[in-house]
Amino acid sequence: MAQANPNIGEDRPVIRQLDETAINRIAAGEVVERPASAVKELVENAIDAGALRIGIDIADGGKTLIRVTDDGCGIAPDDLPLALSRHATSKIDGSDLLNIHTFGFRGEALPSLGAVGRLTITSRVAGLDAGMIRVAGGDMGAVRPAALNLGTVVELRDLFYATPARLKFMRTDRAEAQAVTDVIKRLAMAEPSVGFTLRDVSGNDDPRVVFRVDPETGDLFDALHGRLSRVLGRDFAENALRIDASREDIRLFGYAALPTYSRGAAVAQYIFVNGRPVRDKMLGGALRAAYFDFLSRDRHPVAALFLDCEPRLVDVNVHPAKSEVRFRDAGVPRGLIVSALRHALAEAGHRASTTVSHATLGAMRPEPTSARVYQMDRPSYAARGTAYAAQAPGFAEMSESYSARIVDPPQAPRTDETAPETLPLGAARGQVHENYIIAQTETGMVIVDQHAAHERLVYEKLKRQMAENGVAAQALLIPEIVELTDAECAQLLDLSDDLARLGLTIEPFGGGAVAVRETPAILGSVDAVAMIRDIVDELTDLGNSQTVQARIEAILSRVACHGSIRSGRRMRAEEMNALLREMEATPHSGQCNHGRPTYVELKLADIERLFGRT
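Definitions and cut-offs
- Residues numbered from 1 in each chain as written.
- Predicted model: local features only at pLDDT ≥ 70, side-chain atom pairs only at ≥ 80, totals over all residues.
- Heavy atoms only, no water.
- Phe/Tyr/Trp six-rings, centres within 6.5 Å; stacked < 30°, edge-to-face > 60°.
- Helix = DSSP H or I, 4+ residues; strand = E, 2+ residues; numbered from the N terminus.
- Buried < 20%, exposed > 50% of the residue type's maximum accessible area, 1.4 Å probe, protein only.
- Lys NZ or Arg CZ within 6 Å of the ring centre and 35° of its normal.
- Axes fitted to C-alpha atoms, helices over the stretch in contact; angles between N-to-C directions.
- Parallel < 35°, antiparallel > 145°, perpendicular 65-115°, else oblique.
- Left-handed = near helix turned anticlockwise from the far one by under 90°.
- Contact = heavy atoms within 4.5 Å.
- Patch = residues over 30% accessible without salt bridge, like charges linked within 9 Å, V, L, I, M, F, W, Y side chains within 5 Å.
- Areas by Shrake-Rupley, 256 points an atom, 1.4 Å probe, with all protein chains shown as cover.
- Salt bridge = Lys/Arg side-chain N within 4 Å of Asp/Glu carboxyl O.
- Lys, Arg positive; Asp, Glu negative; His and termini not counted.
- Charge placed at Lys NZ, Arg CZ, Asp CG, Glu CD.
- Expected span 1.5 Å × (residues − 1).
- Polar contact = N/O pair within 3.5 Å; in protein donor to acceptor, adjacent residues only side chain to side chain.
- Pairing = 2+ DSSP bridges.

A.B. asks: Is there a simple way to explain the packing of aromatic side chains in this structure?
C.D. replies: Two aromatic rings, taken as a pair, are described by how far apart their centres are and by the angle between their planes. All told, the structure shown has five aromatic pairs when counted by the stated rule. Consider the rings of Phe221 and Tyr255, whose centres lie 6.1 Å apart with planes at 80 degrees: the pair is edge-to-face. Of the two residues, Phe221 is situated in helix α7 (residues 220–232) and Tyr255 in strand β11 (residues 250–257); the sequence distance between them amounts to 34 residues. In terms of burial, Phe221 and Tyr255 fall into one category: buried. With a centroid separation of 4.4 Å and an interplanar angle of 5 degrees, the aromatic rings of Phe272 and Phe306 are classed as stacked. You can see Phe272 sitting in strand β12 (residues 269–273) and its partner Phe306 sitting in strand β14 (residues 303–309), a full 34 residues away along the chain. For the cation-ring pair, Arg118 lies above Tyr161, with the distance from its terminal atom to the ring centre recorded as 3.8 Å. Here the basic side chain of Arg242 rests over the ring of Phe221, its NZ or CZ set 3.7 Å away from the ring centre.

This is how it looks when you write it as structure tokens:
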């Protein structure tokens with residue numbers, strides 16, 4: 001039985017034109033979700049105005065006060081009322097909505113904020129007197145004279161006082177303040193040449209500086225590296241790889257961290273399109289795809305990547321808060337991110353994160369002791385050789401132990417050969433617990449996990465052989481038929497050539513069905529229907545799929561694990577040195593197949609600091 005429609009009464013509904021205040025409050029609901037959204041809009045306006053220094057003050061997480069001060073070009077007094085009108089902007093003329101070169105362009109932020117809070121704008125343009133205008137709950141006052149140096153001060157008090165229902169959805173002051181800080185950090189990364197100061201002015205105490213960075217100087221990469229060091233920390237800067245690549249009028253640049261410098265969640269992944277911070281699922285998926293062979297599923301890469309292209313190649317007007325974008329050809333930026341990052345990771349060779357050695361030194365640091373009373377000078381190379389020869393008999397007895405063995409140093413090399421100690425991973429000096437190789441370098445020592453290191457070397461060799469010879473396919477006696485929607489079927493068949501190279505052969509079977517005729521032989525018996533559905537889900541979610549390749553490489557990883565040097569095996573000196581040399585020559589050998597480090601490097605200065613010798 002048909003139910004009565006509860007949205008239609010006996011009287012015929014009448015279409016009404018909403019008043020300006022209601023329109024602005026609806027717009028505010030789209031643009032201003034929380035205090036951080038208001039801060040984002042106001043700071044972006046300051047950047048668009050050419051500001052070089054921007055100050056942000058907040059109170060109670062931005063709920064009671066947001067004040068943004070900049071030294072930009074300012075707004076003329078006669079233009080202040082117009083700036084508070086909907087769709088009034090100085091950034092575009094309306095003739096081409098795809099040619100956007102600024103953060104803002106809709107002209108909605110200021111009137112929306114004035115509709116839900118108490119907004120005051122004070123501004124001065126060079127050569128003119130300063131002016132001030134107030135608007136509260138959508139009621140605009142008159143322009144009045146004011147005192148101000150060049151620039152603009154926008155003060156927003158009592159956000160959402162005109163729409164109290166929104167206040168119930170606000171989080172704690174600390175959570176809202178953290179969201180504001182995150183917004184400022186993202187904008188600071190996008191604009192290295194601009195200085196930012198964020199202060200918390202809650203209560204009657206002195207203002208507390210939450211975040212501050214000064215304008216960076218130098219070329220693009222120097223300025224960006226300096227800014228990322230201050231925003232993301234020195235550890236990231238030390239362990240980040242420089243990225244610079246182009247494809248089809250799109251340029252990718254920035255920094256991406258080594259796999260051994262990873263996080264437990266995707267909280268340190270920053271992507272910018274034409275300088276605009278975005279949270280884009282497709283671009284985030286491309287970042288994960290670039291690292292999927294180097295990190296386990298519970299670890300996430302750290303990166304700050306910038307995509308620059310002609311504004312007409314990307315649509316930034318697809319989200320009210322402009323936090324999402326849509327590329328004309330989404331495959332180009334995705335492929336660029338994956339290929340550029342993998343190339344940079346390959347060029348990094350055996351390099352591992354310095355945070356690994358820092359953590360090791362921290363674990364080894366002794367308890368504080370009283371000041372030393374005697375300091376022995378570091379022995380010379382000749383003295384060390386004499387001492388080693390004198391102690392050799394005692395070391396010879398230790399060589400029979402199963403927990404530690406000493407390797408005689410190699411004979412002095414000929415003048416046309418390189419001394420092993422001068423190589424990146426040095427010369428093997430011993431083996432402890434039949435699992436860890438101790439090597440001496442020019443500047444310190446290296447501890448190598450022999451099983452993890454050899455596992456990575458075997459894995460890379462297997463991958464190289466697979467790339468050269470292809471993936472063998474096994475034909476199914478009875479093809480598996482998978483029913484899909486028409487859209488899913490079309491999306492999957494577009495990927496059929498790539499899947500065939502991985503040993504998975506599919507064909508259309510009429511309607512929305514596909515027939516699976518071959519599967520990768522290395523996978524053995526496989527549930528083809530479940531695998532196809534996993535691929536379709538990944539395509540829908542990320543626009544591309546790594547399912548088949550990930551499963552194949554998981555098999556290769558297991559084969560490498562079983563085929564590598566086992567823990568507990570006693571290695572000869574030449575075997576240990578051969579392993580070190582192969583690690584130096586093999587890309588990605590600095591981490592095992594699960595993203596863990598294969599070696600730890602300790603600098604001699606740090607070791608001496610542990611013993612109080614410096």
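A.B. asks: So what exactly am I meant to see when it comes to the packing of helix α6 (residues 173–190) against α7 here?
C.D. replies: Helix-helix packing: each pair is described by the crossing angle between the helix axes and the interaxial distance. At a closest axis distance of 9 Å, the pairing of α6 and α7 adopts a crossing angle of 165 degrees. Judged on the interaxial angle alone, α7 and α6 are roughly antiparallel. For α6 against α7, the interelement crossing comes out left-handed. In this structure, α6 uses Lys185, Ala188 and Met189 to contact α7, whose residues at the interface are Leu224, Arg227, Leu228, Val231 and Leu232.

A.B. asks: Would you mind showing me how to read a negative patch on the surface here?
C.D. replies: Taken together, Glu248, Asp249, Glu310 and Asp329 make up a surface patch of like negative charges. As for its position among the elements, Asp329 is in the loop between β16 (326–327) and α10 (331–347).

A.B. asks: Would you mind going over helix α13 (residues 450–469) with me for this structure?
C.D. replies: In an α-helix, one turn spans 3.6 residues, which is why side chains three or four residues apart end up on the same side. Helix length check: α13 (20 residues) gives 28 Å between terminal C-alpha atoms against 28 Å at 1.5 Å per residue, within 8%. Its side-chain oxygen placed 3.2 Å from the backbone nitrogen of His451, Asp449 serves as the N-cap of α13. Immediately downstream of α13, the backbone of Gly470 shows phi near 85 degrees, a positive value.

A.B. asks: So what exactly am I meant to see when it comes to the pattern of salt bridges here?
C.D. replies: Opposite charge on two side chains permits pairing when their charged atoms draw close. Scanning the model with the defined rule gives 24 salt bridges in all. With a shortest N-O distance of 3.2 Å, Asp182 and Arg279 are connected by a salt bridge. One end of the pair, Asp182, is in helix α6; the other, Arg279, is in the loop between β13 (276–278) and α9 (281–291), and 97 residues separate them in sequence. Accessibility expressed as a relative area gives 53% for Arg279, which makes it exposed. Sharing partners across several salt bridges, the network here consists of Asp57, Arg67, Glu155, Arg157 and Arg199.

A.B. asks: Sorry, what's going on with the sheet that holds β13 here?
C.D. replies: Paired through backbone hydrogen bonds, the strands of a sheet run either parallel or antiparallel to each other. Taken in spatial order, the five strands of this open sheet run β10-β11-β14-β12-β13, and their pairing is mixed. The open sheet is flanked by β10 (240–247) and β13, the only strands paired with a single partner. When the angles between neighbouring strand axes are averaged without regard to direction, this sheet yields 20 degrees. Strand direction decides the pairing type here: β12 and β13, joined by three bridges, are antiparallel. Bridging from a neighbouring strand, Ile271 pairs with Val278 of β13. Lying on the sheet, α6 is in contact with β12, β13 and β14; it crosses β12 at an angle near 55 degrees. Here α9 sits on the sheet in contact with β11, β12, β13 and β14, set at roughly 130 degrees to β12.

A.B. asks: Just to check I follow, could you spell out the sheet that holds strand β22 (residues 505–508) for this structure?
C.D. replies: Read from one edge to the other, the open sheet built from three strands follows the order β21-β23-β22, with strand pairing classed as antiparallel. Lying at the two open borders of the sheet, with one neighbouring strand each, are β21 (473–483) and β22. Adjacent strand axes in the sheet meet at a mean angle of 20 degrees when their direction is disregarded. With four bridges connecting them, β22 and strand β23 (residues 513–520) associate as antiparallel partners. Looking at β23, one finds that Thr505 is bridged to Glu518.

A.B. asks: Can you walk me through the environment of Thr64 in this structure?
C.D. replies: Structurally, Thr64 can be placed in the loop between β1 (53–59) and β2 (65–70). Residue Thr64 is classed as partly exposed on the basis of its relative accessible area of 27%. With 138 residues separating them in the primary sequence, Thr64 and Ser202 have C-alpha atoms 8.9 Å apart. Here Thr64 is in contact with Ala59, Leu156, Arg157 and Asp158, once residues within four sequence places are set aside. Within the structure, the side chain of Thr64 is placed 2.8 Å from the side chain of Asp60, a separation counted as a polar contact.

By themselves these figures say nothing about function.
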